[in-house]
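Reading the structure
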Amino acid sequence: MNLDWITPAERLSSLPPYVFARLDELKARAREQGLDLIDLGMGNPDGSAPEPVIEAAIAALQNPANHGYPPFEGTANFRQAITNWYHRRYDVELDPDSEALPLLGSKEGLTHLALAYVNPGDLILVPSPAYPAHFRGPLIAGGTIHSLMLKPENDWLIDLAAIPDEVANRAKILYFNYPSNPTTATAPREFFVDIVAFARKHSILLVHDLCYAELAFDGYQPTSLLEIPGAKEIGVEFHTLSKTYNMAGWRVGFVVGNRHIIQGLRTLKTNLDYGIFAALQTAAETALQLPDVYLTEVQSRYRRRRDFLIQGLAELGWDIPKSKATMYLWVPCPVGTNSTDFALDVLQQTGVVVTPGNAFGAGGEGYVRISLIADCDRLGEALRRFKQANIRYQAETLVSQS
Ligand SMILES: *Cc1c(COP(=O)(O)O)cnc(C)c1O
C-alpha cells in the first residue's frame, strides 16, 4: 500500500534538523568502527543522584498512595518545597498554589509554554545561540522567531538597545538564559533590571531559564529574574533538578512566577499529562532540602574539570576565559573552519564528541561546546588525542607565500 499520504503536520516540517540526532548517527558509526568514544557532546551529567534522594525515592515507592495518578498541578508538598527553596535561596515570596508548577523537566515546560501562548505568526524574541527548546517550542506553535544575535565583544549578552522599536512592540515573548547554555556567559544584575524594564515597556512576556542556578563557581551567585522588582508581573522562571542533582533521567523541573502565565501552562498541561510520578516528587523535595555541602561538592567537581581542560587546551593554543558557571566550555574553532566541519573532524580523528555551535542557532557558528561530563582522566585522554592528531587553535589562517 502506498503510504505517501501519511505526512506529518506542517508544524514538524518548520523545524530545522536536530543536530544532536545527526551527531548520534555519526557516533553510532564511529562505535561500529571500534572507536573508543569520549562523549562530551550532550549536556547530560555523569554520575547518579545524591544518596538521600535515592533513599527518599525508594521509601516513597513503598507507599501505595504514590502509585496512582498524581494531582495535575503537582503535589502540595513539592510545590511548598519549591517556594521554600525560593525563599531561602533568593528571599523571594511565592504562593505555592498559584505561582509554582512542577514540570516533567524544564524542556517540557519551556516548549509547552510556547504552545500555550504563541499564535501562528506571533513574533518571538530568542537569542542566537540559544538552548534549542527556546526557539523550537515557538516554531512548533507556528511563531516567527526574531533572532537576537549574541556577540563575544558584548560578552554574549543580549543587546537590548539594538532591538528596533517596531520589533519590540510586536514581540509577544522573550526567552533568555543566564548563566547561558551554550556560551557559559553570566549576566550582571543590572542586565536583569534592564531586561525587566524593556519587557514592561513593550508588554513582552519574559521567560528566563535558570537551569544553572547552582552550577556556579569562585563565589559567583547567579541572579534570579524574580529578585528584580516588577519582574513577577510580566515573567516566569524555569528551573530543573537535572543538572544540579544529576537527575536528568528523572524528569523533574518547575516554573515559578506570574500566576496568570502559569495558569495558561497549567490549563494546557491538564490536557496533555498528569505530571511527575508522585514518588519522584517526594524525592525531589529531599533534593531541594539537601544541605549546602552537597552543592559545594558538585560545584568543585565541575570547577576542577573546567580548570583542567582550560589548562590543557591552552597548551594547544586556546585562550579560554574561566567561565563563572555552567558545565561547559565554549570554544572557538580554528580560524578557517566552520563548527560542523570542525566537530566532525575532531570526532573522526580523535573519537571525542563535541557539539557544533550552530546546533544552537546561527549565532553559535564558529564555536563548539564541550561538556564537562567526564572526569579529569578521560578529559586528559581527550587532550592527548588532540595533541596526537594536531588539533590546535589557530587565530589566523596561514597565508601561503608565492
Ligand atoms: C539542560 C537544560 C535544560 C533541560 O532541562 P530538563 O529539566 O532536563 O528538561 C533546560 N534549559 C537549559 C538551558 C539546559 O541547559
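Please read all numbers here as calculations on a predicted model, not as lab measurements. (Residues numbered from 1 in each chain as written. Predicted model: local features only at pLDDT ≥ 70, side-chain atom pairs only at ≥ 80, totals over all residues. Heavy atoms only, no water.)

1. Structural notes on the packing of aromatic side chains
As enumerated under the stated definition, the model contains 19 aromatic pairs in all. A ring pair is formed by Phe176 and Phe192, whose centres lie 5.8 Å apart and whose planes are at 50°; its orientation type is tilted. Placement of the pair is Phe176 in strand β5 (residues 171–176) and Phe192 in helix α8 (residues 189–201), with a sequence separation of 16 residues. Judged by centre distance (5.9 Å) and plane angle (15°), the rings of Tyr245 and Tyr294 are stacked. Here Tyr294 lies in helix α11 (residues 292–314) and Tyr245 lies in the loop between β7 (235–240) and β8 (253–257), a separation of 49 residues in the sequence. Each of the two residues, Tyr245 as well as Tyr294, counts as buried. Connected via pairs of aromatic rings, a cluster forms that spans Trp85, Tyr86, Tyr90 and Phe254. (Phe/Tyr/Trp six-rings, centres within 6.5 Å; stacked < 30°, edge-to-face > 60°. Helix = DSSP H or I, 4+ residues; strand = E, 2+ residues; numbered from the N terminus. Buried < 20%, exposed > 50% of the residue type's maximum accessible area, 1.4 Å probe, protein only.)

2. A closer look at the side chain of Thr223
Examined against the element boundaries, Thr223 turns out to sit in the loop between β6 (205–209) and β7. The contacts of Thr223, once residues within four sequence positions are left out, are Ala187, Arg189, Phe192, His208, Leu210 and Ile228. (Contact = heavy atoms within 4.5 Å.)

3. Some details on the site of the ligand
The immediate surroundings of the ligand are formed by 13 residues, with Ser106, Asp209, Thr240, Ser242 and Lys243 found nearest. Here a nitrogen atom of the ligand and a side-chain polar atom of Asp209 are 2.6 Å apart. In the environment of the ligand, an oxygen atom lies 2.6 Å from a nitrogen or oxygen atom belonging to the side chain of Ser242. Expressed as a share of its isolated accessible area of 390 Å², the protein-covered part of the ligand is 94%. Across the shell around the ligand, the residue classes break down as three nonpolar, six polar and four charged. (Near = heavy atom within 4 Å. Polar contact = N/O pair within 3.5 Å; in protein donor to acceptor, adjacent residues only side chain to side chain. Areas by Shrake-Rupley, 256 points an atom, 1.4 Å probe, with all protein chains shown as cover. Nonpolar A, V, L, I, M, F, W, Y, C, P; charged D, E, K, R; others polar.)

4. Some words on the domain arrangement of the protein chain
One can read the domain layout of the protein chain as domain 1 (10–48 + 293–389) and domain 2 (51–288). With centres defined by C-alpha atoms, the gap from domain 1 to domain 2 works out at 25 Å. Counting from both sides, the interface comprises 37 residues of domain 1 and, opposite them, 33 residues of domain 2. With both chains or domains summed, domain 1 and domain 2 bury close to 3100 Å², and 62% of this area falls on carbon and sulfur atoms. The largest per-residue losses of area from domain 1 upon contact with domain 2 belong to Lys324, Thr326 and Phe360, which jointly make up 20% of the total buried on that side. Across the domain 1-domain 2 interface, the total number found is one salt bridge. For Asp218, the salt bridge goes to Arg306, with nearest N and O atoms at 3.0 Å. (Domains from an automatic or database assignment. Buried area = accessible area lost by both parts, 1.4 Å probe. Salt bridge = Lys/Arg side-chain N within 4 Å of Asp/Glu carboxyl O.)

5. A word on the packing of helix α4 (residues 76–90) against helix α10 (residues 278–288)
How two helices pack is summed up by the angle between their axes together with the distance between the axes. Contact geometry of α4 with α10 gives a least axis separation of 9 Å together with a crossing angle of 15°. If you check the angle between α4 and α10, you find them roughly parallel. The crossing of α4 and α10 is left-handed. On the side of α4, the interface is formed by Asn77, Phe78, Ala81, Ile82, Trp85 and Arg88, while α10 contributes Gln281, Ala284, Glu285 and Leu288. Considering only residue class, the contact of α4 with α10 consists of six nonpolar, two polar and two charged. (Axes fitted to C-alpha atoms, helices over the stretch in contact; angles between N-to-C directions. Parallel < 35°, antiparallel > 145°, perpendicular 65-115°, else oblique. Left-handed = near helix turned anticlockwise from the far one by under 90°.)

6. Re the pairing of β6
In regular strands, side chains alternate between the two faces of the sheet. Burial runs high along β6: five of the five residues are buried. Because side chains alternate across β6, one face comprises the buried residues Leu205, Val207 and Asp209, and the other comprises Leu206 and His208, equally buried. Taken together, the four bridges between β5 and β6 define a ladder with parallel strand orientation. Along β6, the bridge assignment pairs Tyr175 with Val207. The β-α-β motif built from β5, the intervening α8 and the parallel element β6 has right-handed crossover chirality. Note: β6 against β7, four bridges, orientation parallel. Its bridge partner being in β7, Asp209 is matched across the sheet by Phe238. (Pairing = 2+ DSSP bridges. Right-handed = clockwise from strand over helix to strand, strands pointing away.)

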